[in-house]
Amino acid sequence: MRCPTGLDDYSGYNFTFSELLNITQVTIEEECMAYQVPVTDCSSSTLELPECLSALDKTGYSTLNCTSETVIFDTSQFTETVPSEFNLACGSFGNSIATSMSFVGLFIGSFLAGYCSDKWGRKITVIVAVACSGSFALLQAIVPGYLAFVTIRIFVQSANQAAYITYNVFGT
């Protein structure tokens, strides 16, 4: 994903998504920021425009912040992904909730692992937890709504945590 820039509307060159990302990306960690790179800085260069813009020292350029509503997703491989479908980008509220619910799932899975492994044994608990984790992960990939996605995410993380904890105890 990347922020929209003035280069999106530049009619002199048809930039690809990855070229624009390489030119305007501040850092990988700051995915919701972009440099404002003027095309005129490459008017006297002998390099092709994408290479020239990528090679510029951008420390003096101003940056712009994008929001979850303005972010542009790469659709070259997939037309729609979970972040693009549910608008989970650039500090959106939905992204925060989905992440928080993942930790709730880890918490639940920790308790389930202890209870189930004491009641039915570690081997059975690992097998069931891995099967549930895979099943829930596949189910999570096909759910149509955000609420269902977050709910299934809790189950995925619970099963992952139960398998992880039980396997570590079982293996030692």
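What counts and how
Residues numbered from 1 in each chain as written. Predicted model: local features only at pLDDT ≥ 70, side-chain atom pairs only at ≥ 80, totals over all residues. Heavy atoms only, no water. 1 Å grid on protein atoms, 1.4 Å probe; cavity = no way out; pocket = protein on both sides within 12 Å on 5 of 7 lines; lining within 4 Å. Points joined across faces, edges and corners; volume = space filled by probe spheres on them. Helix = DSSP H or I, 4+ residues; strand = E, 2+ residues; numbered from the N terminus. Core = buried A, V, L, I, M, F, W, Y, C linked by side-chain atoms within 4.5 Å. Buried < 20%, exposed > 50% of the residue type's maximum accessible area, 1.4 Å probe, protein only. Contact = heavy atoms within 4.5 Å. Phe/Tyr/Trp six-rings, centres within 6.5 Å; stacked < 30°, edge-to-face > 60°. pLDDT = per-residue confidence, 0-100. Expected span 1.5 Å × (residues − 1). Arc of directions from axis to C-beta.

1. What about the layout of surface pockets?
- In this structure, the largest pocket occupies an estimated 270 Å³ of space.
- Every residue lining the largest pocket is counted, 16 residues in all, and those nearest its centre are Leu112, Cys116, Val128, Cys132 and Ala162.
- Counting only elements with at least two residues in the lining of the largest pocket, the list comes to helix H4 (93-120), helix H5 (122-142) and helix H6 (146-171).
- Counting residues per element, the lining of the largest pocket draws most heavily on H5, at 6 residues.

2. Re the nonpolar core
- With 12 residues, the main nonpolar core is built from Leu7, Phe15, Leu20, Ile23, Tyr35, Val37, Val39, Cys42, Leu49, Cys52, Leu53 and Tyr61.
- Among the secondary structure elements, those contributing two or more residues to this core are helix H1 (17-24) and helix H2 (49-55).
- The residues touching Val37, leaving out its near neighbours within four places in the chain, are Leu7, Ile23, Leu53, Leu56 and Lys58.

3. Describing the packing of aromatic side chains
- Summed over all chains, the structure comprises 5 aromatic pairs.
- Residues Phe86 and Phe149 carry aromatic rings whose centres are separated by 5.4 Å and whose planes lie at 40° to one another, so their mutual orientation is tilted. Note that Phe86 is positioned in the loop between helix H3 (82-85) and H4 and Phe149 in helix H6, a separation of 63 residues in sequence. Across the pair, Phe149 and Phe86 agree in class, each one buried.
- By way of ring pairs, the aromatic residues Phe86, Tyr146 and Phe149 are connected into one cluster.

4. Points about the confidence of the model for the protein chain
- Per-residue confidence for the protein chain averages 84 on the pLDDT scale, and 93% of its residues sit at or above 70.
- Averaged pLDDT values for the elements of the protein chain fall to 78 in H1 and rise to 94 in H5.

5. Some points on the side chain of Gln140
- Tracing the sequence through the fold places Gln140 in helix H5.
- With sequence-adjacent residues up to four places away left out, Gln140 is seen in contact with Phe149, Ile152, Arg153 and Val156.

6. Let's talk about H4
- Across its 28 residues, H4 extends 40 Å between first and last C-alpha, which sits within 8% of the 40 Å expected from 1.5 Å per residue.
- The complete set of buried residues in H4 reads Gly94, Ala98, Ser102, Gly105, Gly109, Ala113, Cys116 and Ser117.
- Phi turns positive one or two residues past the end of H4, at Gly121, with a value near 105°.

7. Details of H1
- All of the buried residues along H1 are Phe17, Leu20, Ile23 and Thr24. On an axial view of H1, the arc spanned by its buried residues comes to 130°, and they lie on one face.
- As for H1, its buried residues are in contact with strand S1 (33-35) and H2.

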